[in-house]
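Structural overview
Next come the chains, spelled out residue by residue.
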Amino acid sequence: MKLLRKSFFRLSLLLSFASFTYNAHAQSDPTGNSPATNTYAITNATIVQAPGKQIEGGTLIISNGLITAVGTNINIPANAEVIDGTDMYVYPGFIDGMSNTGAARPDAMERPEDLFTPDPPNDYAGITPEMSVKFQLDIEENSINNMRKLGFTISHTVPHGRMLPGSGSLILLKDGEHADDLIMEENVSMYTQFQGAPGAYPGNTLGIMAKWRNLYRNADLAKQHTEMYASNPAGLPRPTQDRVLQAFYPVVDRSQPVFYNANSILEAQRAMRLQSELGFNLALGNLEEGWEMVGDLSGSGVTVFLSLNIPEEPEVKEDGDKTEEVAALEQRRLDFYNKQMSQFSAMDAEGIKFGFSTMGATASKIKSNLVSIVEHGLDSVQALAALTIDAAELLGIDAVTGTLDEGKIGNAVVTTGPYFHKDSGVKYVFVDGDKYEYEIRESGGGEVSEEEAAGIVGTWVYTSSSPRGEQTGTMVFTRQAGELTGILTSDSGQPDRILNNISFRDGTLTFDYAFEAGGQGVEIVVTGEIDGDEFEGETSISAFNISFPIVATKEVPQQ
Amino acid sequence: MKKLNITLLLAIGVAFSASAQTPVGDILIRNATVITITNGTLENTDVLIENGKITRVGTDLREPRGGVDEVIDASGMYVMPGIIDAHSHIAGSSINEGTSQVTSEVSMEDVVNPLDVSIYRALAGGVTSIHLMHGSANVIGGQNETMKLRYGTTNPDDLRFEGAPRTIKFALGENPTRGARARGIQPQTRMGIEAMLRNAFNDALNYKAEWDEYNTTRGNRKVAPEYDLRMETLVDILEGEILVHCHSYRADEIYMLMDVFSDFGIEKIIFQHANEAYKVAPELAEFGAYTSVFSDWWAYKLEVYYSTAYNAAILTQNGVNTSINSDSGELIRHLFHEAAKSQKYGGLNDNEALSLITINPAMQLGIEDRVGSIEEGKDGDIVIFDKHPLSVYAIPQMTFVDGVKYFDYNNDPDDQRIWVDPTSAIQDVVLYDAHDMHLCMHEADFVEMYELINGEW
Amino acid sequence: MVMRTFKITSFALVFALVALVPLFTMAQQSEVVRKAQVAKFALTNATIYTVTNGIIENGTIVINNGIIEAVGADVAIPADALVYDYEGREIYPGMIDSGTQLGLVEINSVAESRDYNEEGDITPQMQALTAVNPNSEAIPVTRVSGVTTVITKPSGGVFPGTAATINLFGYTPDQMYAGSKGLIINFPNSARRWRQTQEQADRARERALGVLNDTWDKAETYASIRGSEDVRYYPEMEAIADVIDGKMMVYIEVNAASDILSALEWIEDRGLEQVVFTGVSEGWRVADQIAEAGIPVITGPVLSVPNRRSDRFDVAYTNPGIMQQAGIKVALRTNDTENSRNLPYNAGFAAAHGMGREEALKAITINAAEIMGIADQLGSIEPGKRANLFVATGDPFETSTQILDVFIDGYQIPMTSLQLELYDEFLDRVPGLNKTEITVDR
């Protein structure tokens, strides 16, 4: 699928314009953050210009946002900052096929009065395809840096939400002054998922499938009407404005693909079922369980991004006493793990071109997951292709990125060894010509410094004022291998909750956790400010559109 | 001998796809007592299945020249048609879209879960076809899916009972009114349910009129009315293209629905559960309505208090086509025993009792030309028992769908799951309460869930 | 169709033996009054399954004053006895369902009619017998199927209360009480309930273990000091102390294999005797350990799904037989209420799946009585025992078998119930489709 080919030339013009004007506004820079130069030369490195195309002792020049030269015997511009790439590897910047990177979770919305109608308000029902992810983009989102330091330079970012949260955009994972600075191309996809609106229609997959069909068919009719009216309005009723249906028009005429967050085999089959009935362009944006579908996907025209959210290798205990039953069960579990791990090479063998997506994956595990995928049989050249040129082709941006060719966007990853080697680390990432340098840690992938973490690590006693009354308990945060972990224990006797996505930045603490209720996953998000030993924030359950205050006090360790 | 067993099917799972044919087999069963259901019980009789179809029922049948997958000596054993469960909720990822009182547009075919090990357990109870139903949270629920239990595939399409008529779930009484009461909306009474049904059908008639006008208007310069899958489905019901299977308990509500359907010219109804159907048996017979009931469930809620286990017998004696269903992942494993209870409670004869789980449910699903009896030309969906299937001591020995053996009591290895979550616990022990397997209201109770979440904080 | 009730048994029997089927297509009127009959009864010419002393062909049973006075092939028939000729019929001891909530709930969804679950984790002093409603409609429905005796039990929490064994006939709890009670402990459970996550289950287990052990420690202290002066009356501890002192048996509900092993250890640590395991759905995995400890088991329902998705489809069917063959004394329960009448079918499935008919019959008669400590009164057809028995057309496990008469404590039970009355009223409804039109002057 070539999504963006047509916009390439416009895009490159814009980029060069941006480069020329880069310093025009910069009156002074008391922060000292501005780079000394916008030209970089990485020398004497192993440059993987494209998957399978390796230059030993090569030089890469990135200047004013673009790759200007690559190869051996390259003249180094006088204004270049020279980076000695000896023993280092340089790769094209990685491309994330689908994620929420950079998108902030919107505030919980007011719970509508009249929830139980056949047609609840579209925003509550999660049917907002007219929304663009650019309105959720937040330059402060730490996911941008978290993904960048793994080597990702471009993300196809889709909005948070329910059934039809809105359109996805391609964003550059760079530091900008405004969200728009990050946007490479907007509205490149219609994003959808099997996420019902609890208590309102559509509540689950049943309603979502039907609603999808209904919306699509009405969009088709409305589009015909609009076009007929546009060509000759005489005697025709004026078409009504319906932003939801209008958002479907590019899907109906197949100029915009549908990105489905369908990770299980059953969800993926359901997405394909809708596609075959309605005929839109489909991308399975985050496929986890695809191994039984290799045959179905082959030649189907469906674009595939395979999830980098991979389970831990299941344990097979070295226990001589274990029963035959346990041994057999452990083996079966391992077999299924192996099926999942070998789906990458199986797809490749079938000639299915795929990229990767990081949605749902834990950032700190992505590198080791990629290494593991290669260990399970995916050729490392192919793995790199999935991260770079293949993803670029599938997203229609291979003319501007995906390889380290002259004239392409200055996106590159510099590592201390071959990327798919577990001991290698990312030293530099170039995004849109900007340089980002990283400390190489033994453990790799850490995200919070000890200093930063000090403000939060410890035990916090919380009180939250929920609709049910006051609830109390403790939250314990620790820092392990550079990452924050946390556990919440409620005094009400609920099970302990492992906290996810803990971020602590400039005094703002956010985390979330999930649990099952009535057969449905429910996510609770907590966000607030820490001032010394006091935390003040808000708890929100977006599934129910409720939020309520939470305060916590850090326990001072007893002497 | 051609061989095609489940392990092989698993191994070639990739070969399944929407367009692919599902597997068929060739089987010769010798010297069995064959309970045909529609043509008496035949001693020392052979049954030949070729390409998934029953081609011969007789004595001393010759093995076809090409051979068969298996010749089974069934001396002393009983062969009967595969059991059909007209009310099931196994193999579904979701059960209720209970967020609106009318959701005719949704369909269980969208949420079939072929990975559910309950399918295998049902096969082990001799079941070959099920009616995967939407739940009973709303008055007009979703469309159901009639399936064959071709276990071993990961593709939901392979379980489809190709050619089976469309059906839809309605629900009366306590379940839909309970949900509405919790939400402060209609219908909270059985009066309100009737009104809602009539409103829905009238809306559908108006919708149809709009589209009819559009379709009969000449010329290209015309604008289509809004498309509404919900109304489309209701129109299909009014036009007799979709069979209504209605969750109901009390006699009055059963009577009400017949009245409403008469007014709207809908000719067929199958009443599901219908614990008080016995009270209006003459009216059901007069209407030509069918009933699909429990063997003996009662007293778990008010509207089933005045039940009797003699329901199936009274209905049968009054000439009402009746089936016995499970509505449960537990009961589905021994429907032959549930049918036998009609002998204790009301003295049905063997053929009447076995009809309750074979030809009668087949008629209720509109698939009686394919399954439900052992007749030449019908599908090779059969089960072999070691003893008479109405005996409590009977154990299904082999179960075939389309002539393919999906269960063999004597070759039944441990762990019949076809999908294993790599993150699952090895020792995952689950305890069930008596009615956990009764899934009609599964996922339906928003209020209960809201409470759960409040309990979180 | 087959007849289903004898209004006046001896009378009906004469006809029934001759022409069972045609008679009852006509005889559909039923007595509305459900009244038992008491007399000196002589049940003659029957095949008697005594359970403890083999099968007696053409045998006679004499019932007098609620007691079986005589059993045998050559028993003299007292002159003043009401004689029933049961030629061709089979007589069995009344079936015992070792786990129900009969009498404690009428309609499960109506909270006001539920009396089995008191608030709190530690309510051992709650007495099921107190709340038994002798007039529950489920009781006649159950007993006309030959189930004459049940354990009825409270539920919920770690110590839900005290279960009682009752006979399904009587107008007060005392008239129904069959002489056995037992304290219930829900042993902390590592398995998860349906819809519960393992995390939730683990947490609940940890909590329950704390409750169990803390409470037990306290009860041991209480047991050692009670009776002395100045000890305050502590009803919760009183109930548990009775178990500690060996005055009361204890039913420990435990299912998962690992929990069964934990429970065995716990019993040994606490030095408990008179312990019965209930549930025990994974008993087949650890049958040898249970047998070695000599703990009897009440298991069921047999008609249930396996606890693990990886289990064979029939593990619940084969479980009782495996345990019995390992040497465990096994009784069965339905764990049901309104459908405790399915007890014989639970036994039938256990019989078919390895237990055998004879052992399955014991599991719902003499084994149950022995486990409850009332085998001197119930569980078999022997002189001196209470006259709890039923008359059947054949093997009571077979689904088509009809139960013709039931005797409980020597009373001949009216063979009717709500369900039978509805059958009688509606089989051939009057009016049928058309009601005679009555002209009314307006």
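Here the structure is a predicted model, which is why all the values come from computation and not from measurement. (Residues numbered from 1 in each chain as written. Chains lettered and ligands numbered in written order. Predicted model: local features only at pLDDT ≥ 70, side-chain atom pairs only at ≥ 80, totals over all residues. Heavy atoms only, no water.)

Turning next to the overall build of chain C. A count of helical and extended segments in chain C gives 13 helices and 18 strands. Rg of the C-alpha trace for chain C: 24 Å, near the compact-globule value of 22 Å for 442 residues, within the 12% margin. Counting only C-alpha atoms and orienting by the principal axes, one finds that chain C spans roughly 70 × 70 × 55 Å. Looking at chain C as a whole, 59% of its 442 residues are labelled buried. Here the analysis covers contacts within chain C between residues at least 6 apart in sequence; of these, 67% occur between residues at least 24 apart. Split by element, the accessible area of chain C, about 17,400 Å² in all, is 48% carbon and sulfur. Taken as two groups, the 35 positive and 57 negative side-chain charges of chain C have centres that lie 5 Å from each other. (Helix = DSSP H or I, 4+ residues; strand = E, 2+ residues; numbered from the N terminus. Rg over C-alpha atoms; globule rule 2.2 N^0.38 Å. Buried < 20%, exposed > 50% of the residue type's maximum accessible area, 1.4 Å probe, protein only. Contact = heavy atoms within 4.5 Å. Areas by Shrake-Rupley, 256 points an atom, 1.4 Å probe, with all protein chains shown as cover. Lys, Arg positive; Asp, Glu negative; His and termini not counted. Charge placed at Lys NZ, Arg CZ, Asp CG, Glu CD.)

The next thing to look at is the packing of helix 5 (residues 205-231) of chain A against helix 7 (residues 265-278) of chain A. Residue and element names in this part refer to chain A. Look at helix 5 against helix 7: their axes get within 11 Å of each other, and the N-to-C directions meet at 20 degrees. As summarised for this structure, helix 5 and helix 7 are arranged roughly parallel, according to the angle between their axes. In this structure, helix 5 meets helix 7 at a crossing whose hand is right-handed. Listed contacts from helix 7 to Thr 205, Met 209, Trp 212, Arg 213, Tyr 216 and Arg 217 of helix 5 are Arg 270, Arg 273, Leu 274, Glu 277 and Leu 278. Class assignment for the residues of the contact of helix 5 with helix 7 results in five nonpolar, one polar and five charged. (Axes fitted to C-alpha atoms, helices over the stretch in contact; angles between N-to-C directions. Parallel < 35°, antiparallel > 145°, perpendicular 65-115°, else oblique. Left-handed = near helix turned anticlockwise from the far one by under 90°. Nonpolar A, V, L, I, M, F, W, Y, C, P; charged D, E, K, R; others polar.)

Counting residues at the interface gives 64 residues for chain B and 64 residues for chain C. Summing both sides of the interface, chain B and chain C together bury roughly 6,100 Å²; the carbon and sulfur share of this comes to 55%. Linking chain B with chain C are three salt bridges, by the criterion used here. A salt bridge links Arg 192 of chain C to Asp 428 of chain B; the shortest N-O distance between them is 2.7 Å. Inspection of the chain B/chain C interface yields 34 residue pairs in polar contact (both at pLDDT 80 or more). For the side of chain B that touches chain C, the secondary structure elements donating two or more residues are helix 7 (281-287), helix 8 (311-317), helix 9 (335-344) and strand 18 (430-431) of chain B. (Buried area = accessible area lost by both parts, 1.4 Å probe. Salt bridge = Lys/Arg side-chain N within 4 Å of Asp/Glu carboxyl O. Polar contact = N/O pair within 3.5 Å; in protein donor to acceptor, adjacent residues only side chain to side chain.)

Our next topic: the pattern of salt bridges. For the coordinates displayed, the defined rule picks out 77 salt bridges over all chains. The partner of Lys 385 of chain C in a salt bridge is Glu 382 of chain C, and the shortest N-O contact between them spans 3.2 Å. Through salt bridges with shared partners, a single ionic network connects Arg 213, Arg 273 and Glu 277 of chain A together with Glu 109, Asp 110, Glu 145, Asp 157 and Arg 160 of chain B.

Attention now moves to the domain arrangement of chain C. Residue and element names in this part refer to chain C. Here chain C is partitioned into domain 1 (9-93 + 402-426) and domain 2 (95-378). Listed by partner, the interface residues are 21 residues for domain 1 and 20 residues for domain 2. When domain 1 packs against domain 2, close to 1,700 Å² is buried across both sides, 67% of that on carbon and sulfur atoms. When the area that domain 1 buries against domain 2 is broken down by residue, the three leading residues are Arg 34, Val 51 and Ile 408, summing to 28%. Across the contact surface, domain 1 and domain 2 share one salt bridge. Its salt-bridge partner being Glu 137, residue Arg 34 comes within 3.1 Å of it at the nearest N-O pair. In this structure, the connection of domain 1 to domain 2 is made through four residue pairs in polar contact (both at pLDDT 80 or more). Of all the secondary-structure elements, those providing two or more residues to the side of domain 1 that touches domain 2 are strand 6 (90-93), strand 17 (403-408) and helix 13 (418-426). (Domains from an automatic or database assignment.)

Counting residues in each nonpolar core, the largest one holds 303 residues, and the members touching the most others are Trp 212 and Phe 356 of chain A, Phe 170 of chain B together with Phe 277 of chain C. In contact with Trp 212 of chain A, other than residues within four places in its own chain, are Met 163, Leu 164, Met 190, Thr 192, Phe 248, Val 258, Tyr 260, Leu 274, Leu 278 and Phe 280 of chain A. Listed in part, the 25 residues of the second largest apolar core include Met 475, Leu 484, Phe 511 and Tyr 513 of chain A. (Core = buried A, V, L, I, M, F, W, Y, C linked by side-chain atoms within 4.5 Å.)

A few words now on the sheet that holds strand 9 (residues 145-148) of chain B. Residues and elements named next belong to chain B. Strands sit in the order 6-7-9 across an open sheet of three strands; the sheet is mixed. Two strands bound the open sheet, and with one partner strand each, they are strand 6 (83-88) and strand 9. Sheet twist, expressed as the mean angle between neighbouring strand axes with direction ignored, is 20 degrees. Note that strand 6 and strand 7 (residues 127-132) share four bridges and pair parallel. Paired with Asp 85 across the two strands is Ile 130, which belongs to strand 7. (Pairing = 2+ DSSP bridges.)

To continue, consider empty space enclosed by the protein. For the structure shown, the criterion picks out seven cavities of 30 Å³ or more. Its volume calculated, the largest cavity comes out at about 130 Å³. When its residues are assigned to classes, the lining of the largest cavity shows seven nonpolar, four polar and three charged. (1 Å grid on protein atoms, 1.4 Å probe; cavity = no way out; pocket = protein on both sides within 12 Å on 5 of 7 lines; lining within 4 Å. Points joined across faces, edges and corners; volume = space filled by probe spheres on them.)

Our next topic: helix 5 (residues 229-238) of chain B. Note that an α-helix has 3.6 residues per turn; residues three or four places apart therefore point the same way. With nine of 10 residues buried, helix 5 of chain B lies mostly within the body of the structure. Turning to helix 5 of chain B, its buried residues number three or more, namely Leu 229, Arg 230, Met 231, Thr 233, Leu 234, Val 235, Asp 236, Ile 237 and Leu 238 of chain B. Buried residues along helix 5 of chain B sit against helix 5 of chain A together with strand 8 (140-143), strand 10 (166-171), helix 4 (190-216) and strand 11 (242-248) of chain B. For helix 5 of chain B, the capping residue at the N-terminal end is Asp 228 of chain B, with a side-chain oxygen 2.9 Å from the backbone nitrogen of Arg 230 of chain B. Gly 240 of chain B, located one to two residues past helix 5 of chain B, shows a positive phi value of around 80 degrees.

As a further point, take the pairing of strand 19 (residues 483-490) of chain A. Successive side chains on a regular strand alternate, one facing one side of the sheet and the next facing the other. Pairing geometry for strand 18 (residues 469-480) of chain A and strand 19 of chain A, over eight bridges, is antiparallel. Residue pairing for strand 19 of chain A: Met 475 of chain A is matched across the bridge by Leu 488 of chain A.

A surface patch of like charges, here negative, comprises Glu 130 and Asp 242 of chain A together with Glu 210, Glu 213 and Glu 226 of chain B. Position of Asp 242 of chain A among the secondary structure elements: in the loop between helix 5 and helix 6 (243-252). (Patch = residues over 30% accessible without salt bridge, like charges linked within 9 Å, V, L, I, M, F, W, Y side chains within 5 Å.)

What follows covers the interface of chain A and chain C. Contacts between chain A and chain C engage 10 residues on the former and eight residues on the latter. A buried area of about 730 Å², summed over both sides, lies between chain A and chain C, and 43% of it is on carbon and sulfur atoms. Where chain A touches chain C, the interface holds two salt bridges. Here Arg 497 of chain A makes a salt bridge to Glu 199 of chain C, at a shortest N to O gap of 3.4 Å.

Moving on, we come to the environment of Ser 307 of chain B. By the element assignment, Ser 307 of chain B lies in the loop between strand 13 (290-293) and helix 8. Judged by relative accessible area, which is 3%, Ser 307 of chain B ranks as buried. Along the sequence, Ser 307 of chain B and Tyr 249 of chain B sit 58 residues apart, while their C-alpha atoms lie 8.9 Å from each other. Setting aside chain neighbours within four positions, we find Ser 307 of chain B in contact with Asn 275, Tyr 278, Trp 297 and Trp 298 of chain B together with Gln 419 and Leu 422 of chain C. Within the structure, Ser 307 of chain B has its side chain in polar contact with the side chain of Asn 275 of chain B (distance 2.9 Å). From its side chain, Ser 307 of chain B meets the backbone oxygen of Val 304 of chain B in a polar contact 2.5 Å long.

What follows is about the confidence of the model for chain C. For chain C, the mean per-residue pLDDT works out to 92, and 91% of the residues sit at or above 70. The ipTM for the predicted assembly is 0.93, set against a pTM of 0.89. (pLDDT = per-residue confidence, 0-100.)

Looking now at helix 7 (residues 257-270) of chain C. Residue and element names in this part refer to chain C. Taking 1.5 Å per residue as the helical rise, helix 7 with its 14 residues ought to reach 20 Å, and the 20 Å between its terminal C-alpha atoms agrees with that figure. Three or more residues of helix 7 are buried, namely Ala 257, Asp 259, Ile 260, Ala 263, Leu 264, Trp 266, Ile 267 and Arg 270. On its buried side, helix 7 packs onto strand 10 (177-186), helix 5 (198-225), strand 12 (249-254), strand 13 (275-279) and helix 8 (287-293). Note on helix 7: the residue one or two positions beyond its end, Gly 271, has a positive phi of about 65 degrees. (Expected span 1.5 Å × (residues − 1).)

Another point: the sheet that holds strand 11 of chain B. Residue and element names in this part refer to chain B. Spatially, the six strands line up as an open sheet ordered 8-10-11-12-13-14, and their pairing is mixed. Strand pairing shows two members of the sheet lacking a second neighbour, strand 8 and strand 14 (322-324), which therefore form its edges. In this sheet, adjacent strand axes meet at a mean angle of 25 degrees when their direction is disregarded. By the bridge criterion, five bridges tie strand 11 to strand 12 (residues 269-273) in an arrangement that is parallel. Looking across to strand 12, one finds that Ser 248 is bridged to His 273.

Residues and elements named next belong to chain A. Among the secondary structure elements, Lys 427 is positioned in strand 15 (residues 426-431). Judged by its relative accessible area of 17%, Lys 427 falls in the buried class. Sequence-distant contacts of Lys 427, that is, excluding residues within four places in its chain, are made with Met 88, Val 414, Thr 415, Thr 416, Tyr 436, Glu 437, Tyr 438 and Ile 440.

What follows is about the packing of aromatic side chains. Under the criterion given, the structure shown has 52 aromatic pairs over all chains. Summarising the aromatic geometry, the rings of Trp 211 of chain B and Tyr 214 of chain B are spaced 5.3 Å apart at their centres and angled 80 degrees between planes, so their arrangement reads as edge-to-face. Of this pair, Trp 211 of chain B and Tyr 214 of chain B both sit in helix 4, separated by three residues, roughly a single helical turn. These aromatic residues form a ring-pair network of at least three members: Tyr 89, Tyr 91, Phe 94, Phe 152, Tyr 419 and Phe 420 of chain A. If you follow Lys 222 of chain B out to its NZ or CZ, it ends over the ring of Tyr 214 of chain B, 4.5 Å from the centre. Over the ring of Phe 397 of chain C we find Arg 357 of chain C; its NZ or CZ atom is 5.8 Å from the centre of that ring. (Phe/Tyr/Trp six-rings, centres within 6.5 Å; stacked < 30°, edge-to-face > 60°. Lys NZ or Arg CZ within 6 Å of the ring centre and 35° of its normal.)

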